[in-house]
Amino acid sequence: MLKRILATRELGIALVLLAEIGIFAVLCRQPGRPNLFLEPEALLKVVRDAAVLGLAAIGATVIIISGGIDLSVGSVIALVTVVTATLLRAGMAAPLAVG
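Structural notes, computed from the coordinates. (Residues numbered from 1 in each chain as written. Predicted model: local features only at pLDDT ≥ 70, side-chain atom pairs only at ≥ 80, totals over all residues. Heavy atoms only, no water.)

### A look at the overall build of the chain
Right, on to step 1. What the chain contains, in helices and strands, is 5 helices and 0 strands.
Right, on to step 2. Helices (α) and strands (β) of the chain occur, in sequence order from the N terminus, as α-α-α-α-α.
Right, on to step 3. Relative to the 2.2 N^0.38 estimate, which gives 13 Å for 99 residues, the radius of gyration of the chain is 20 Å and therefore markedly larger than a compact globule would have.
Right, on to step 4. Its C-alpha atoms give the chain principal-axis dimensions of roughly 55 × 50 × 15 Å. (Helix = DSSP H or I, 4+ residues; strand = E, 2+ residues; numbered from the N terminus. Rg over C-alpha atoms; globule rule 2.2 N^0.38 Å.)

### Details of helix α3 (residues 40-65)
Right, on to step 1. Over its 26 residues, α3 runs 35 Å from end to end, which matches the ideal 38 Å to within 8%, given 1.5 Å per residue.
Right, on to step 2. Looking one or two places after α3, you find glycine 67, whose phi comes out positive at around 105 degrees. (Expected span 1.5 Å × (residues − 1).)

### Some remarks on the pattern of salt bridges
Right, on to step 1. On inspection of all chains with the given rule, the structure shows 1 salt bridge.
Right, on to step 2. A salt bridge links lysine 45 to aspartate 49, with the nearest nitrogen and oxygen atoms 3.3 Å apart. In this pair, lysine 45 and aspartate 49 are both assigned in helix α3, 4 residues apart and thus about one turn of the helix distant.
Right, on to step 3. On the basis of relative accessibility, which here comes to 49%, the residue aspartate 49 falls in the partly exposed class. (Salt bridge = Lys/Arg side-chain N within 4 Å of Asp/Glu carboxyl O. Buried < 20%, exposed > 50% of the residue type's maximum accessible area, 1.4 Å probe, protein only.)

### As for the side chain of threonine 84
Right, on to step 1. Take threonine 84: it is sitting in helix α4 (residues 73-89).
Right, on to step 2. Within polar-contact distance, the side chain of threonine 84 engages the backbone oxygen of valine 80 at 2.8 Å. (Polar contact = N/O pair within 3.5 Å; in protein donor to acceptor, adjacent residues only side chain to side chain.)

Next up, the structure:
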């Protein structure tokens, strides 16, 4: 039973994720200061930043599984980001620039 659990791909992914968190926690450490990498606010910011890419990945996965290969999702996200940033820098109100 334990051998089967250790052989699953999900466990391998989880172990790599934990190793990455540990490595970054050590690398982000500054002498004489608290380690801010593992603070809940920092972890929440990482999740918020990854949410847009996660939603795009879910949408692309559904399209690919259904048989319609569409690889333009990344370029569309980049275009929308640049246009929105340009409109915001030009002084447009955020609801108008985003929507």
